[in-house]
Amino acid sequence: MSLALRRVSGVSVVLVGIALALWLTFGPPQHWNDTTRLWRLPLGLTVMGAIYGGTRLLYPPRD
């Protein structure tokens, strides 16, 4: 994978992750009942993993 493609995909993953994190923080539906509210924590952890993965695409580890 070329460096430019890695950086573009990394930026897009980070931006989507930040947008989803902001939606989870400020705007999830208020009509969620108890079972769907349990999905907020795993979804938040997934978002954090996506942001971490995006930064790994932006700045690959050096050997």
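About the criteria used
- Each chain has its residues counted from 1, following the order in which its sequence is written.
- Only residues with pLDDT of at least 70 are given local features in this predicted model, and only at 80 or more are side-chain atom pairs given and counted; all residues enter the totals for whole chains, interfaces and linings.
- Hydrogens and water are ignored here; the side-chain numbers use all heavy atoms of the structure.
- Patch membership is restricted to residues that have no salt bridge and whose relative accessible area is over 30%. Joining uses 9 Å for like charges and 5 Å for the nonpolar side chains Val, Leu, Ile, Met, Phe, Trp and Tyr.
- Accessible surface area values rest on a Shrake-Rupley calculation with a 1.4 Å probe, where residue burial reflects the displayed protein chains alone.
- By convention in these notes, a salt bridge is any Lys or Arg side-chain nitrogen within 4 Å of a carboxyl oxygen on Asp or Glu.
- Numbering of helices and strands starts at the N terminus; helices are DSSP runs of H or I of at least 4 residues and strands are runs of E of at least 2.
- Burial here depends on accessible area, computed with a 1.4 Å probe over protein chains only, as a share of the maximum for the residue type. Under 20% is buried, over 50% is exposed, and the range in between is partly exposed.
- To get an axis, fit a line to the C-alpha atoms, keeping to the stretch in contact for a helix; angles then go from 0 to 180 degrees between the N-to-C directions.
- Throughout this description, any angle smaller than 35 degrees is read as roughly parallel, any larger than 145 degrees as roughly antiparallel, any in the 65 to 115 degree range as roughly perpendicular, and the remainder as oblique.
- By definition, turning the near helix anticlockwise from the far helix through less than a right angle yields a left-handed crossing, and turning it clockwise yields a right-handed one.
- When checking whether two residues touch, look at their non-hydrogen atoms; a contact exists if any pair is within 4.5 Å.
- Multiply 1.5 Å by the residue count of a helix minus one, and that product is the helix's expected span.
- Within this analysis, the arc is defined by the directions that extend from the helix axis to the C-beta atoms.

Q: Tell me about a nonpolar patch on the surface, and name the residues and values.
A: Residues Ile 18, Leu 22 and Phe 26 make up a contiguous nonpolar surface patch of roughly 330 Å² in combined accessible area. Mapped onto the elements, Ile 18 comes out in helix α1 (residues 3-26). When its relative accessible area of 38% is taken as the criterion, Ile 18 is described as partly exposed.

Q: Describe the packing of α1 against helix α3 (residues 40-58), naming the residues involved and giving the relevant values.
A: Packing of α1 against α3 brings their axes to within 8 Å, and their N-to-C directions diverge by 155°. The angle between α1 and α3 falls in the class roughly antiparallel. Helix-helix and strand crossings are classified by hand; for α1 and α3 the assignment is left-handed. Here α1 contributes Arg 6, Arg 7, Ser 9, Gly 10, Val 11, Val 13, Val 14, Gly 17, Ile 18, Leu 20, Ala 21 and Leu 24 to the contact with α3, which in turn contributes Arg 40, Leu 43, Gly 44, Val 47, Ala 50, Ile 51, Gly 54, Thr 55, Arg 56, Leu 57 and Leu 58.

Q: I'd love a proper account of the environment of Pro 42, names of residues and values included.
A: Mapped onto the elements of the fold, Pro 42 is located in helix α3. Taking the C-alpha atoms as reference points, Pro 42 and Val 11, separated by 31 residues in sequence, lie 23 Å from one another.

Q: I'd like a description of α3, backed by residues and values.
A: With 19 residues, α3 should cover 27 Å at 1.5 Å per step; its first-to-last C-alpha distance of 27 Å lies within 8% of that length. Among all positions of α3, only Val 47, Gly 54 and Leu 58 are buried. Seen end-on, α3 carries its buried residues on one side only, within an arc spanning 40°. Exposed positions of α3 whose direction lies more than 90 degrees from the buried face are Leu 41, Leu 45, Thr 46, Met 48 and Tyr 52.

Structural measurements only, silent on function.
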